Amino acid sequence: MNHPLPKWVDYGLIPLLNLVTAFLVAGLVVLIVGENPFEAAYLLVRGAFGYGGGIGYTLFYATNFIFTGLSVAVAIHCGLFNIGSEGQAYVGGIGVAAACLALDHYVPWFVTLPFAIAGAAIAGAAWALIPAWLQAKRGSHVVITTIMFNFIASALMIYLLVEVLKPAGSMSPETRTFVEGGRIPKLDWLFELFGSSLGGAPFNWTFFLALLCCYLVWLLIWRTRLGYEIRTTGTNPTAAVYAGIPQVRTIVIAMLISGALAGMMAINPVMGDQARLQESFPAGAGFVGIAVSLMGRNHPVGIIFAAILFGMLWQGGAELAFDMPNISRDMIVVIQGLVILFAGALEHMYRPALSAIFFMRQSSGAPASAGQANTGEA
Amino acid sequence: MDLVIQVLDSTVRLSTPLLLAALAGLYSERSGVFDIGLEGKMLAGAFAAGAAAAVWGSPWIGLLAALAASLAMAVIHAFASITVRGNQIVSGVAINFVAAGLTALLGQSWFGMGGRTPPLSGGQRFNPITLPGAEALKDVPLIGPIYEGLISGHNILVYFAFLMVPVTWWVVFRTRFGLRLRAVGENPAAVDTAGISVTFLRYRAVIICGLLCGVAGAYLSTAFNAQFGQNMTAGKGFIALAALIFAKWKPLNVLGACLLFGFLEAAGIRLQGVALPMIGQVPVQLVQALPYILTVVLLAGFIGKAIPPKAGGVPYTKER
């Protein structure tokens, strides 16, 4: 029954239909709580793109989601579903904080940054190591172990923040505030170039780091030997083993890269915004990465667009909650869930219908088409 | 003695939602449908029960609402993973998000109490039941305190949860449905060849899973607590999932695992700020993380081996 569909349907029409369905259902939810969906959508888009500060926040959130989206995508290319980006990002915060706490008094921020990047990547990768190793060596399902590691991460981080990192005499579970040398400057000048202003939005240099990571991930997955091995292991593990690709090594490396990318997300909020390590700072960005990766079809370019869409939802959603008291920020979580549902789990919902339509058009419209002719000869 | 009874008593209370959710997961996963959406279904059930019980003033109406809400989520999961053959993990993640968002959003918009439902009092919730003879036996040494303090005095959902353990064992290992359920999780093609519908079997399993998660949710908001609070499951669905794996997908082991994890939680609350002899003060966070750590250790194959149903996570496609 399932006939192959043209490429534009596969990569254009079906994702679009899925997304539209998700937003239609979200609109229905808005109707249920007694607000006008069109007005809500207008307020949301205006809050996200209507003024300089809004765009700044949208791009700030998008930066987080690019990192976590890439993290999920690299694992998916290897056939692994890393739900642990949230925990890896959280633990990655330790690496950032360690670099900043050690160096911020002595050197300018651009000297601290490489150490923070390394620290974040190493801490994030370390948190992915055990699930990776268990999956590769023992066959324990990476989904389950990464879920467990998210919870362990949150217990560990609260312990560290409360018992170890909190400065004496302070009540809130967070590190001391970093001075100049541990803060990434905002990109006000970029906005002023266009005659706009960033306002208070924490949009900073990390955005470019995220874009660089997109390029590097593209390079890795599609232009290197390791990337080829990762994709082969992901598409057909048996064939990969038969072709002499070391399975354990590939799985572990893919998960380490995934963890490192998730960890690097911590740079943006910790060093670019709050200038301190706080309790549960990832705030669900790791889970948004799943939606971003699914929507972006695991490709860096798609991930950038999907990340900006979700950045828009987070920023616009906050403004929407302010304008429409009936719609709280939780609407974003609903939309996120619906996107994961329709773009992910129900991805193939429209496929049978579409393939029936296209097959009908082919057979009725052009009776002498290639497919028909072939069957005729046979 | 009193302290022991108290800790064990709160163990029972804290284990109940885990037990219901883990048994729910058992049906689904034994049939070959992975379910990481236990958390979301429980949360939806808890919200529906809390809201309905507050509005109509009866815990039984609350329970019905919880069953309906959780069932709706389960049917979405079944449709996505059985009919459309989507990714079961992705579907579970989606359900967790939709439930977390919807319950908070609707709670805020309907009741305007920051995502909570109105507090329940008296007959609006499931109240403790004193078993016959509890008062009379109270003073008998050993048996008295255990019967009166530990076994008697729980609400009906607690007894239901513990009753579901032998019932599940009997259903899974002693009935025709159970045999087919286990078979479809191991080798759906064989079941299909025998002329039994894989789709129908799996749908039934996922529906049972939804109903039990609904009871677990109702327990949280109308029995254990007296109102729904935002994200009140707080990871219980995942602990239940951990318990299910820890129990190697066997009903009697599930009871043990849930009691263990419930005990850890009860002990964690007790140990807060207390210095133990020899060990010193145990970090609360360590006790809280223990269920997860234990599950990872088990998965690593250091304490026996947890082997999931063979066809778990794989959508079944009829051969042509």
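Since this is a predicted model, take the numbers as computed values, not measurements. (Residues numbered from 1 in each chain as written. Chains lettered and ligands numbered in written order. Predicted model: local features only at pLDDT ≥ 70, side-chain atom pairs only at ≥ 80, totals over all residues.)

All names here are of chain A. What the domain assignment lists for chain A is domain 1 (1-35 + 331-356) and domain 2 (41-325). Distance between the C-alpha centres of domain 1 and domain 2: 26 Å. On the side of domain 2, 11 residues touch domain 1, which itself brings 10 residues to the contact. A per-element tally of the side of domain 1 that touches domain 2 places helix α15 (residues 330-345) first, with 8 residues. Counted by class, the side of domain 1 that touches domain 2 contains 7 nonpolar, 2 polar and 1 charged residues. (Domains from an automatic or database assignment. Contact = placed C-beta atoms within 7 Å. Helix = DSSP H or I, 4+ residues; strand = E, 2+ residues; numbered from the N terminus. Nonpolar A, V, L, I, M, F, W, Y, C, P; charged D, E, K, R; others polar.)

Residue and element names in this part refer to chain B. With 16 residues, helix α13 (residues 284-299) should cover 22 Å at 1.5 Å per step; its first-to-last C-alpha distance of 24 Å lies within 8% of that length. Along α13, the largest kink reaches about 45° and is centred on L290; proline P291 follows within four residues of it. Among the residues of α13, those classed as buried are Q288, A289, P291, Y292, T295, V296, L298 and L299. Backbone geometry just downstream of α13 places G301 in the positive-phi region, at approximately 85°. (Expected span 1.5 Å × (residues − 1). Bend = angle between axes of the 7 residues up to and from the residue. Buried ≥ 20, exposed ≤ 12 C-beta atoms within 10 Å, placed from the backbone.)

It is worth spelling out helix α4 (residues 88-111) of chain B at this point. Residue and element names in this part refer to chain B. The end-to-end C-alpha distance of α4, which contains 24 residues, comes to 34 Å, matching closely the 34 Å that a straight helix rising 1.5 Å per residue would cover. When you tally the buried positions in α4, you get 22 out of 24 residues, the bulk of the element. Where α4 ends, the next residue or the one after it, G112, has phi of about 55°, a positive value.

Okay, the interface of chain B and chain A next. Between chain B and chain A, the contact holds 36 residues from the first and 36 residues from the second. The set of elements that each furnish at least two residues to the side of chain B that touches chain A consists of α4, α11 (236-246) and α13 of chain B. The class makeup of the residues in the side of chain B that touches chain A is 24 nonpolar, 11 polar and 1 charged.

The residue V33 of chain A is located in the loop between α1 (7-32) and α2 (37-49) in this model. Considering only alpha carbons, one finds V33 of chain A and H299 of chain A, 266 residues apart in sequence, at a separation of 36 Å. Sequence-distant contacts of V33 of chain A, that is, excluding residues within four places in its chain, are made with N326 and I327 of chain A together with L105, L106 and S109 of chain B.

Below, the discussion takes up the packing of helix α6 (residues 142-165) of chain A against α13 of chain B. Two elements in contact, α6 of chain A and α13 of chain B, have axes whose closest approach is 9 Å; the angle formed by their N-to-C orientations is 155°. In terms of axis orientation, α6 of chain A runs roughly antiparallel to α13 of chain B. Between α6 of chain A and α13 of chain B lies a crossing whose hand is left-handed. On the side of α6 of chain A, the interface is formed by I144, T145, M148, F151, I152, A155, L156, I158 and Y159 of chain A, while α13 of chain B contributes Q285, Q288, A289, Y292, I293, T295, V296 and L299 of chain B. (Axes fitted to C-alpha atoms, helices over the stretch in contact; angles between N-to-C directions. Parallel < 35°, antiparallel > 145°, perpendicular 65-115°, else oblique. Left-handed = near helix turned anticlockwise from the far one by under 90°.)

Attention shifts here to the confidence of the model for chain B. Confidence in the prediction for chain B averages 87 pLDDT; 95% of positions are at 70 or higher. Interface confidence for the predicted complex, given as ipTM, is 0.88, next to a pTM of 0.88. (pLDDT = per-residue confidence, 0-100.)

For any two helices packed against each other, the geometry is given by the interaxial angle and the distance between the axes. Residues and elements named next belong to chain A. Where α2 meets helix α14 (residues 300-323), the axes come as close as 7 Å, and the angle between the chain directions of the two elements is 120°. Here α2 is positioned oblique relative to α14, judged by the angle of their axes. Crossing angle aside, the handedness with which α2 passes α14 is right-handed. Here A40, L43, L44, V45, G47, A48 and F49 of α2 come into contact with α14, specifically with M312, Q315, G316, G317, E319, L320 and D323. The residue makeup of the contact of α2 with α14, split by class, is 8 nonpolar, 4 polar and 2 charged.

This part takes up unusual backbone geometry. You will see that A283 of chain A, though not glycine, has its phi angle at about 50°, which is positive. Position of A283 of chain A relative to the elements: it lies in the loop between α12 (267-274) and α13 (285-295). By the C-beta count within 10 Å, which is 16 here, A283 of chain A ends up partly exposed. For N231 of chain B, which is not a glycine, the phi torsion comes out positive at approximately 50°. Here N231 of chain B is to be found in the loop between α10 (198-224) and α11.

In this section: the environment of R85 of chain B. Relative to the assigned elements, R85 of chain B resides in the loop between α3 (59-83) and α4. Judged by the 15 C-beta atoms lying within 10 Å of it, R85 of chain B is partly exposed. Spatially, the C-alpha atoms of R85 of chain B and V314 of chain B are 8.3 Å apart, while their sequence positions differ by 229 residues. Non-local contacts of R85 of chain B, meaning those with residues more than four positions away in its chain, are made with H348 of chain A together with P315 and T317 of chain B.

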